[in-house]
Amino acid sequence: MKKYIASFSGGKDSTATIILAHERGDPLDIIIFSEVMFDENTSGELPEHIDFVKNKCIPLFASWGYETKILHAKMNYMDIFMREPTRGKRAGMGLKTGFPMAGKCQINRSIKVQPIKDFLKNMDPEEYMQYLGIAIDEPKRLERLRGTNRISLLEKYGYTEKMALELCKKYDLLSPIYDFAPRGGCWFCPNARHEELKHLRTYHRDLWDKLLELENRTDLIGNIWNTLTKKSMHDNENMFFWEDAQLTIFDYLKGDDKN
């Protein structure tokens, strides 16, 4: 019998997919969530997002009769970061790979996508159908599903990204990440936007400091947080420090005006 598998990230589109399966009675045998790890003990997902996934979504899905399997790669971010090159001119020099090239996410391929591939590789494609959260206003992504065993319930029921977001709100299943970012991502992502970085520094200073500490190492090939723009975590730290200082001065002057 064919199995129906939903890929779940905790984002609005994949969450709405599971809600639609529940509402409309589409078959769903298992939900898979691939958790990126920063190191052996630290999730690469933002703390409030992984809490949302593990302590809100998964228990609710279980009450609907759906099993969720959390997948992990054999490697984590720090395994890749500390890897020494075995080929090329830097081989044998004791240097670590360091920060990955920004732009296209290499980490996503190695420690986010690979566990899903490993989970599915022992299954005959004829034996399962995979639900992916792709809305009808993403035509290029939907086109890639044609002729495969992957389908979109959002497309089936005519849901746009905005409609998916509203459906999640209706069920109180919208991740906290949408309070400050248009989509989720690893907290160490070199492509993170200003508001995402600001949130990390403000609410998760321990994680922020991990990146500053890594950048202080002197044995890295990728020795700067964003290797594409050449912007470092220390640049970001300096930027936010002065933003905070300006706000402090503004608040002081504003208070002085009231006196």
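Quick caveat: nothing in here was measured; it's all calculated off a predicted structure.

### Considerations on the overall build of the protein chain
For step 1, the next point in the chain: A tally of helices and strands in the protein chain yields ten helices and seven strands.
For step 2, the next point in the chain: Expressed as lengths along the three principal axes of its C-alpha atoms, the size of the protein chain is roughly 65 × 65 × 35 Å.
For step 3, the next point in the chain: Counting only residues that meet the buried cut, the protein chain has 45% of its 259 residues in that class.
For step 4, the next point in the chain: For the protein chain, the exposed area adds up to about 14500 Å²; of that, 51% sits on carbon and sulfur atoms.
For step 5, the next point in the chain: With 38 positive and 39 negative side-chain charges, the protein chain shows a spacing of 6 Å between the two charge centroids.

### Comments concerning the pattern of salt bridges
For step 1, the next point in the chain: Under the counting rule described, the total for this entry stands at 19 salt bridges.
For step 2, the next point in the chain: A salt bridge links Arg141 to Glu138; the nearest nitrogen and oxygen atoms lie 2.9 Å apart.
For step 3, the next point in the chain: Three or more residues joined by partner-sharing salt bridges are found here, namely Arg201, Arg205, Asp209, Glu237 and Asp244.

### Quick notes on the sheet that holds strand β2 (residues 30-34)
For step 1, the next point in the chain: With parallel pairing, five strands are arranged side by side in an open sheet as β3-β2-β1-β5-β6. At either margin of the open sheet sits one strand with a lone partner, and together these are β3 (67-71) and β6 (150-151).
For step 2, the next point in the chain: Alignment of strand β1 (residues 3-7) against strand β5 (residues 128-131), held across four bridges, turns out to be parallel. Bridging across to β5, Lys3 finds its partner in Tyr128.

### Quick notes on the environment of Lys54
For step 1, the next point in the chain: With respect to the element layout, Lys54 can be found in helix α2 (residues 47-63).
For step 2, the next point in the chain: Assessed through its relative accessible area of 34%, Lys54 is described here as partly exposed.
For step 3, the next point in the chain: Those residues within four positions of Lys54 in sequence are excluded, and the remaining contacts are Glu35, Pro59 and Ile70.

### Focus: the pairing of β3
For step 1, the next point in the chain: Pairing between β2 and β3: five bridges, direction parallel. Residue pairing in the sheet places Ile31 in a bridge with Thr68 of β3.
For step 2, the next point in the chain: Read as a crossover between parallel neighbours, the route from β2 over α2 to β3 is right-handed.

### Digging into the packing of aromatic side chains
For step 1, the next point in the chain: With the rule as written, the count across this model stands at 14 aromatic pairs.
For step 2, the next point in the chain: Ring geometry for Phe38 against Tyr77: centres 5.4 Å apart, planes inclined by 20 degrees, an arrangement best described as stacked. In this pair, Phe38 is assigned in the loop between β2 and α2 and Tyr77 in helix α3 (residues 77-81), connecting sequence segments 39 residues apart. The same class applies to Phe38 and to Tyr77, which are both buried.
For step 3, the next point in the chain: Ring centres of Phe241 and Trp242 lie 5.2 Å apart, and the angle between their planes is 85 degrees; on these two criteria the pair is classed as edge-to-face.
For step 4, the next point in the chain: In this structure Phe241 comes out as partly exposed when scored by relative accessible area, which is 45%.
For step 5, the next point in the chain: Among the aromatic residues, those joined into a cluster by ring pairs are Phe38, Tyr77, Phe81, Phe99, Trp187 and Phe188.
For step 6, the next point in the chain: Over the ring of Tyr157 we find Arg24; its NZ or CZ atom is 4.4 Å from the centre of that ring.

### Section: the side chain of Ser175
For step 1, the next point in the chain: By secondary structure assignment, the location of Ser175 is in the loop between α7 (161-170) and α8 (194-203).
For step 2, the next point in the chain: Judged by relative accessible area, which is 2%, Ser175 ranks as buried.
For step 3, the next point in the chain: Engagement of the side chain of Ser175 in a polar contact is seen with the side chain of His49, the distance being 2.7 Å.
For step 4, the next point in the chain: Every residue in contact with Ser175, bar those within four places of it in the chain, is listed here: Gly10, His49 and Phe52.

### As for the packing of α8 against helix α9 (residues 205-215)
For step 1, the next point in the chain: Following both chains from N to C, one finds α8 and α9 inclined at 110 degrees, their axes separated by 5 Å at the closest point. What the angle tells us is that α8 and α9 run roughly perpendicular. When α8 is examined against α9, the residues Leu197, Leu200, Arg201 and Tyr203 are found in contact with a partner set consisting of Arg205, Leu207, Trp208 and Leu211.

### A look at α7
For step 1, the next point in the chain: Taken residue by residue, α7 has Ala164, Leu167 and Cys168 as its buried positions. What you see down the axis of α7 is that its buried residues fit within an arc of 100 degrees, all on one side. Residues of α7 that are exposed and point more than 90 degrees away from the buried face comprise Lys162 and Lys170.
For step 2, the next point in the chain: Backbone geometry just downstream of α7 places Asp172 in the positive-phi region, at approximately 55 degrees.

What counts and what doesn't
Residues numbered from 1 in each chain as written. Predicted model: local features only at pLDDT ≥ 70, side-chain atom pairs only at ≥ 80, totals over all residues. Heavy atoms only, no water. Helix = DSSP H or I, 4+ residues; strand = E, 2+ residues; numbered from the N terminus. Buried < 20%, exposed > 50% of the residue type's maximum accessible area, 1.4 Å probe, protein only. Areas by Shrake-Rupley, 256 points an atom, 1.4 Å probe, with all protein chains shown as cover. Lys, Arg positive; Asp, Glu negative; His and termini not counted. Charge placed at Lys NZ, Arg CZ, Asp CG, Glu CD. Salt bridge = Lys/Arg side-chain N within 4 Å of Asp/Glu carboxyl O. Pairing = 2+ DSSP bridges. Contact = heavy atoms within 4.5 Å. Right-handed = clockwise from strand over helix to strand, strands pointing away. Phe/Tyr/Trp six-rings, centres within 6.5 Å; stacked < 30°, edge-to-face > 60°. Lys NZ or Arg CZ within 6 Å of the ring centre and 35° of its normal. Polar contact = N/O pair within 3.5 Å; in protein donor to acceptor, adjacent residues only side chain to side chain. Axes fitted to C-alpha atoms, helices over the stretch in contact; angles between N-to-C directions. Parallel < 35°, antiparallel > 145°, perpendicular 65-115°, else oblique. Arc of directions from axis to C-beta.

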